[in-house]
Structures are given as structure tokens and as C-alpha cells.
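Coordinates in review
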Amino acid sequence: MIVREVLDKEKNQYNKLATHVIQSWEWGEFRKKMGTDVVRLGHFDGEKMTSAYTVTFHPVPHTNKTIGYFPKGPMPDKAMIKALADLGTRKNAAFIKIEPNVVVRDQRLETSSKLEKLGLVKSKKALFTKYNFLLDITKSEEQLLAAMHPKTRYNIGVAVKKGVSIYESIDDADFEIYLKLYFETTKRQKYFGHTPQYHKQVWETLKGAKMARLLIARYQRPETRDQVPLVAWMLLNFGDTLYYPYGGSSILHREVMASNLIAWEAIKLGKKLKLKTFDMWGAMGPNPDASDPWFGFHRFKAGYGPAHVEYVGTYDLVLSMPLYGFLNTADRLRWAFLRFVKR
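Residues numbered from 1 in each chain as written. Predicted model: local features only at pLDDT ≥ 70, side-chain atom pairs only at ≥ 80, totals over all residues. Heavy atoms only, no water.

Comments concerning the packing of helix H2 (residues 25–33) against helix H8 (residues 196–208)
H8 packs onto H2 with a crossing angle of 140° between their chain directions and a minimal axis gap of 9 Å. With respect to H8, the element H2 is oriented oblique. Along this stretch, H2 crosses H8, giving a crossing that reads as right-handed. Taking contact as the criterion, the partners of Glu26, Trp27, Glu29, Phe30, Arg31 and Lys33 in H2 are, on H8, Tyr198, Gln201, Val202, Thr205 and Leu206. Classifying every residue of the contact of H2 with H8 by side-chain character gives five nonpolar, two polar and four charged. (Axes fitted to C-alpha atoms, helices over the stretch in contact; angles between N-to-C directions. Helix = DSSP H or I, 4+ residues; strand = E, 2+ residues; numbered from the N terminus. Parallel < 35°, antiparallel > 145°, perpendicular 65-115°, else oblique. Left-handed = near helix turned anticlockwise from the far one by under 90°. Contact = heavy atoms within 4.5 Å. Nonpolar A, V, L, I, M, F, W, Y, C, P; charged D, E, K, R; others polar.)

Structure (C-alpha cells):
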């Protein structure tokens, strides 16, 4: 078994083995354009690539150290951990954060024990959510509608009756509509979103690879007859999956239920593209607190009848224990301060 960096000419082989859109070759190109240090590793049995994944490295301010990040990759094994440790040492990393794209079934303790035996430490901070909603879109439209919560089906009907229209776009002018609605939403709901430059680079890179598109919901006001954009989603596709990572909405005309219709149109778009799964990018845990600010969004997604799944979680490959402890403490203090000033 040989582990080495993947060559540009091996892009197609790499993408066949990548486990998630943010492990795709194209996502790596986006990260490079943002100035991130991107490394793609391949495990080879002779000439055959048997496993492939991307790790990014991020500088620790005021030091010569880095932190590695390995999101949504395959389940770690001994060979992978050795390769990551060697790479991390070359990159002067304090640790590498690992978040496998692996759903656990009934062996949570066994899986956790296996990862800890590989030398990984259960992380104090996750970057991706531990839970998600995945919808099987190979089912017929009738089956999908029947599996929805009655209120969700009703709201879709309300949006249709009120004349909400949905259109798909790859135009940059519509991207500006999306960007405006996204940042209206982050401001209104008081959460930290990526920068406009981040979104623009995702859009330009993945659109060029035919992996990104927009859905926009419009409503024609009866009194003025003008068309108002109410909701915009950026959808990504990779492999057999449609992803819903980013979206924004207006505070106007909530009564026309535009968000419910755009979600249904996203599902139908995935079917049209002959994809198998609609990945909703995150969920709360199995017993969500109704007072949590994210509960409404969780309930909205749950209304479409998806499977609620749990991933193996977030683990750290620690390469410098003293610095690892210091960085965790510094990060907790930083986010406590940011949450305080965001109030």
C-alpha cells in the first residue's frame, strides 16, 4: 500500500472515491482560491487508487503552527491515521480535526472505542453537526408527498394557491439576490455566516463545474403586481446527492409559505437530475429543545419526512498535546466573546 498526494491527472479517479461534496476535487479548488493549504491524499494498491481524501491546513495566528481539518471523509483506519500523522508533522500541525461522513447505527460505543484505539481523542468542538436529515428521493412524488407532515403538504398547497413561483438559475444577477437574502437572514437570526467572498468563490468554482445552481422563490404582490424575491437557496450536487448548504429568506410575506414550496421544488429538481439523496446539511439531536433558536429550522426540515441520522462524531488526532490544550481554551474564550458582542 502506497500513500501519496493525488496528481491533477487523477482527478476523475479521486472524485469516484470522494465521500461528500466538500471532499470533491472541485471543493478543494475552491478552498485553494480562498488561500487555504489543500492536500489530497490517495491510497494506492499498485496503480489502483483505493481511498482518497482532502485535508486542509490553517495557520494558528502568531505562531508557526497549523491546525488540520479533515471533514466528511471515510472512516479512519490504521493506514489513514499514520498518513495523517506524517502529513500533520510535515505541516507543523498541532492537531487534525476529523469528522467522518459515516452514519452510526446501533454500535455507538463500539465505533467510539475503535476510533480511540487508533489514538484519536473525542473533540471538544464539532464544526459539522453530528446529526442530519437525509431524504431518499428515488421514491415517487406521490410517495414523497405522502411521507410529509400534513402541515408541510398544506403549506406547499398554500404557496401554490397564492401564486408563488420558483425558478432555477445559474445567472450571476440571481446570485446577488441570493447573497442579499442570505445576509438578511444571518443578521435577523443573529448567527455567523461565511463572508460574501466565500459564497462568491463557492458559486463561481462549483457553477463552472456544473455542481451549483440557485432556486429562487418569487411572489407577485396583488396590489402592485411586482415580483418580489422571498427565498433563495444555493444547491450543490455531487455523486448521487443533492445538497442544501445555504439559503436565505425575506421577512416579507411569510404567509405565502414560499420556503415550503422551494424545498419541494428542490426535491423535484434532485429527481430530475436522477440523484438519489437530498442532504439537508444538518439537524438537531433526537430530542430537540423547542426553545432552541434552531428548533424552527429543524422542524421545517423534518416536515419533509427525511431520515434523521447520526454521524460518528468529531475526533482529533493530537500531534502536540500542550498546544492542543491551549488552543481549545483560547477557542472557547474567543467564541464566548463573539457571542457576547453579537447580542
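Points about H8
Each full turn of the α-helix corresponds to 3.6 residues, which orients residues three or four apart in the same direction. Given a rise of 1.5 Å per residue, 13 residues ought to cover 18 Å, and the 18 Å separating the end C-alpha atoms of H8 matches this to within 8%. Burial in H8 covers these residues: Tyr198, His199, Gln201, Val202, Trp203, Thr205 and Leu206. Of the surrounding secondary structure, the elements contacted by the buried residues of H8 are H2, strand E8 (165–169), helix H7 (172–189), strand E9 (212–220), strand E10 (227–238) and strand E11 (241–249). (Expected span 1.5 Å × (residues − 1). Buried < 20%, exposed > 50% of the residue type's maximum accessible area, 1.4 Å probe, protein only.)

Digging into the packing of aromatic side chains
We describe a pair of aromatic rings using the distance from one ring centre to the other and the angle between the two ring planes. For the coordinates displayed, the defined rule picks out 18 aromatic pairs. Ring geometry for tyrosine 246 against tryptophan 281: centres 6.5 Å apart, planes inclined by 55°, an arrangement best described as tilted. Taken as a pair, tyrosine 246 in strand E11 and tryptophan 281 in the loop between strand E12 (277–279) and helix H10 (295–302) lie far apart in primary sequence, 35 residues in all. Classification of tyrosine 246 as buried rests on a relative accessible area of 7%. Each member of the aromatic cluster is reached from another via a ring pair, and the members are Tyr191, Trp233, Tyr244, Trp294, Phe297, Phe300 and Tyr304. (Phe/Tyr/Trp six-rings, centres within 6.5 Å; stacked < 30°, edge-to-face > 60°.)

Comments concerning the pattern of salt bridges
The tally for this structure, following the rule as stated, stands at 14 salt bridges. A salt bridge links arginine 4 to glutamate 10, with the shortest nitrogen-to-oxygen separation between them at 2.7 Å. By relative accessible area, arginine 4 is classed as partly exposed at 30%. Its salt-bridge partner being lysine 82, residue aspartate 86 comes within 2.9 Å of it at the nearest N-O pair. Pair noted here: aspartate 86 and lysine 82 are both in helix H3 (residues 78–90), with a separation of four residues, about one helical turn. A relative accessible area of 36% means that aspartate 86 is categorised as partly exposed. (Salt bridge = Lys/Arg side-chain N within 4 Å of Asp/Glu carboxyl O.)

Some details on the environment of proline 59
As for its placement among the helices and strands, proline 59 is situated in strand E3 (residues 48–59). Judged by its relative accessible area of 67%, proline 59 falls in the exposed class. C-alpha separation for the pair proline 59 and arginine 188, spaced 129 residues apart in sequence, amounts to 31 Å. Setting aside residues no more than four positions away along its own chain, proline 59 makes contact with Lys65 and Thr66.

A few points about unusual backbone geometry
Trans peptide bonds make up the majority, and among non-glycine residues the majority have a negative phi. With a phi close to 55°, lysine 190 is a non-glycine residue in the positive phi region. Relative to the elements of secondary structure, lysine 190 occurs in the loop between H7 and H8. Its identity is not glycine, yet lysine 274 carries a phi of approximately 65°, on the positive side. One can find lysine 274 in the loop between helix H9 (258–272) and E12.

Overview of the sheet that holds E8
On the basis of which strands lie adjacent, the open sheet formed by seven strands has the order E8-E9-E10-E11-E12-E7-E13 and mixed pairing. The sheet is open, and its two edges are formed by E8 and strand E13 (307–310), each paired on a single side. Between one strand and the next, the sheet's axes are offset by a mean angle of 30°, whatever the strand orientation. Here E9 runs beside E10; their pairing, made up of nine bridges, is antiparallel. Paired with leucine 214 across the strands is methionine 234, a residue of E10. Against the sheet, H7 makes contact with E8, E9, E10 and E11, and its axis sits at roughly 70° relative to E11, the strand it touches most. (Pairing = 2+ DSSP bridges.)

A short note on the nonpolar core
Core analysis: the biggest nonpolar cluster contains 35 residues, and Val21, Trp27, Tyr178, Leu206, Met234 and Leu236 have the highest contact counts within it. Within the residue set of this core, elements represented by two or more residues are H2, E3, H7, H8, E9, E10 and E11. Top contributing element to this core by residue count: H7, with five residues. Apart from residues no more than four positions distant in its own chain, methionine 234 is found in contact with Phe175, Tyr178, His199, Val202, Trp203, Arg213, Leu214, Tyr243, Tyr244, Pro245 and Tyr246. Core analysis: the next-biggest nonpolar cluster, separate from the first, contains 34 residues, Leu135, Leu235, Met280 and Phe300 among them. (Core = buried A, V, L, I, M, F, W, Y, C linked by side-chain atoms within 4.5 Å.)

Focus on the environment of serine 24
If you trace the backbone, serine 24 turns up in the loop between helix H1 (11–17) and H2. Its relative accessible area of 0% is what places serine 24 among the buried residues. With 10 residues separating them along the chain, serine 24 and tyrosine 14 place their C-alpha atoms 7.9 Å apart. Apart from residues lying up to four places away in sequence, serine 24 is in contact with Tyr14, Asn15, Ala18, Met211 and Phe238.

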